[in-house]
Amino acid sequence: MNDIVTRPRTKVRLATERPRLYKVILINDDYTPRAFVVTVLKAEFRMGEEQAQRVMMTAHQRGACVVAVYTKDVAEAKATRGTEAGRAKGYPLLFTTEPEE
Ligand code: TYC
């Protein structure tokens, strides 16, 4: 009785391992005004005008552009806030996240 063996649920990791980082990706669409995309990039991702213009134009021309990398929670929160900013104005602006390799 009472001698059921359970394996530990946690995995031991080396103290030097960094948390995996996540990319926030801006997705192009045909409806969101360019100036509005730039405004959101400046407000949510602390970008200057020139960098925000470059990121917006890259997404516009190539379909998508990596905006920045953060820890998972921060990346997801910022992607949601950026997407919500567009939705509040009726635009289909979309930010997604994906883990770095
Ligand atoms: N393609 C949009 C337009 O021509 C501008 C735009 C750029 C929208 C980047 C989204 O992620 C985006 N008005």
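Further up the page is the structure itself.
Below or above, wherever it landed, is the structure these notes cover. (Residues numbered from 1 in each chain as written. Predicted model: local features only at pLDDT ≥ 70, side-chain atom pairs only at ≥ 80, totals over all residues. Heavy atoms only, no water.)

### Focus on the site of the ligand
Filter applied, for reference: Any residue with a non-hydrogen atom lying within 4 Å of a molecule or strand is treated as near it. Polar contacts, as used here, are pairs of N or O atoms within 3.5 Å; protein pairs need one atom able to donate a hydrogen and one able to accept it. Residues neighboring in sequence count only if both atoms are side-chain atoms. Only the protein chains shown count as cover for residues, and the accessible areas themselves come from Shrake-Rupley with a 1.4 Å probe. What counts as a helix is a DSSP run of H or I of at least four residues, what counts as a strand is a run of E of at least two, and both are numbered from the N terminus. Note on residue categories: nonpolar means Ala, Val, Leu, Ile, Met, Phe, Trp, Tyr, Cys or Pro, charged means Asp, Glu, Lys or Arg, and polar means any other residue, Gly included.
Surrounding the ligand, one finds Leu-26, Ile-27, Asn-28, Asp-29, Thr-32, Arg-34, Val-37, Met-56, Ala-59 and His-60. Asn-28 places a polar side-chain atom, nitrogen or oxygen, 2.8 Å from a nitrogen atom of the ligand. Measuring from a nitrogen atom of the ligand, one finds a backbone N or O atom of Asp-29 at 2.7 Å. Starting from 340 Å² of accessible surface for the ligand in isolation, the protein chains cover 88%. Elements represented by at least two residues in the shell around the ligand include exactly strand S1 (21-27), helix H1 (34-45) and helix H2 (49-62). By residue number, the principal contributor to the shell around the ligand is H2, which donates three residues. Class assignment of the residues belonging to the shell around the ligand gives a composition of five nonpolar, three polar and two charged.

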